[in-house]
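A closer look at the structure
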Amino acid sequence: MTLQGEYVPSKQDWVREQVEQFEASGGTQATVLERTGDPIVVITSVGAKSGKLRKNPVMRVERDGTYVAIASKGGAPDNPEWYHNFLDHPEVDLQDGPVKKTYRARLVEGPEREQWWRLAVDTWSTYGEYQKKTDREIPVFVLEPTD
């Protein structure tokens, strides 16, 4: 099931532009971050406060059909806005290239978090650098298919 509702584009130019290009091409263009060349997926979530749809490009970290979303915000002292969306409305749509499916986002902790965090850092080493920039433990969400 695909999420329904009014979509509100990001206020951040690079996020809005990446999502627009990705969606306009059906997921065949803008599939990497321009500044790094690393692959992304686009995750649609329901706003925790607004109830409106939000879309974010997130680094592509996947194993056996399960994805990981790292709430790094580049090592900032606070979590990205989508962190709260995932907690309040865990059903999300994830588009990986042309393939779009619905997932349930689950915040993981302890040994399970460490396992998924290691995969994320092995996939994109910059996450380790982001963790060094902040005192908070960067949250890790596992996104499991609902169908």
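Residues numbered from 1 in each chain as written. Predicted model: local features only at pLDDT ≥ 70, side-chain atom pairs only at ≥ 80, totals over all residues. Heavy atoms only, no water.

So, the pairing of strand E6 (residues 99-108)
Pairing geometry for strand E5 (residues 91-96) and E6, over six bridges, is antiparallel. Following the sheet pairing, Glu91 is matched in E6 by Arg104. Adjacent in sequence and paired antiparallel, E5 and E6 are bridged by two residues, among which Gly97 carries a positive phi angle near 65°. Two elements, E6 and strand E7 (residues 140-145), share six bridges in a ladder whose sense is antiparallel. When the bridges of E7 are listed, Tyr103 appears paired with Pro145. (Pairing = 2+ DSSP bridges. Helix = DSSP H or I, 4+ residues; strand = E, 2+ residues; numbered from the N terminus.)

Some details on the nonpolar core
Counting 23 residues, the largest nonpolar core has Ile70, Trp116, Trp117, Tyr127 and Val140 as the members making the most contacts within it. Among the elements that take part in this core, helix H3 (residues 110-123) stands out by supplying five residues, more than any other. Apart from residues no more than four positions distant in its own chain, Trp117 is found in contact with Ile70, Tyr127, Gly128, Gln131, Ile138 and Val140. With 15 residues, the next largest nonpolar core counts Val41, Ile43, Tyr67 and Phe86 among its residues. (Core = buried A, V, L, I, M, F, W, Y, C linked by side-chain atoms within 4.5 Å. Buried < 20%, exposed > 50% of the residue type's maximum accessible area, 1.4 Å probe, protein only. Contact = heavy atoms within 4.5 Å.)

Observations concerning the sheet that holds E5
The pairing of strands in a sheet comes from backbone hydrogen bonds and takes either a parallel or an antiparallel form. The seven strands lie next to each other as E2-E1-E5-E6-E7-E4-E3, forming an open sheet whose pairing is antiparallel. Single-partner strands in this sheet number two, and they are strand E2 (53-59) and strand E3 (62-63). Strand contacts of helix H1 (residues 13-24): strand E1 (40-46), E2 and E5, with the helix running at about 90° to E2, the strand carrying the most contacts. (Axes fitted to C-alpha atoms, helices over the stretch in contact; angles between N-to-C directions.)

What to know about the pattern of salt bridges
What the rule picks out here adds up to 11 salt bridges. The shortest N-O distance in the salt bridge between Asp78 and Lys73 comes to 3.0 Å. Ionic contacts of the salt-bridge type, sharing partners, join the residues Arg60, Glu62 and Asp96 into one network. (Salt bridge = Lys/Arg side-chain N within 4 Å of Asp/Glu carboxyl O.)

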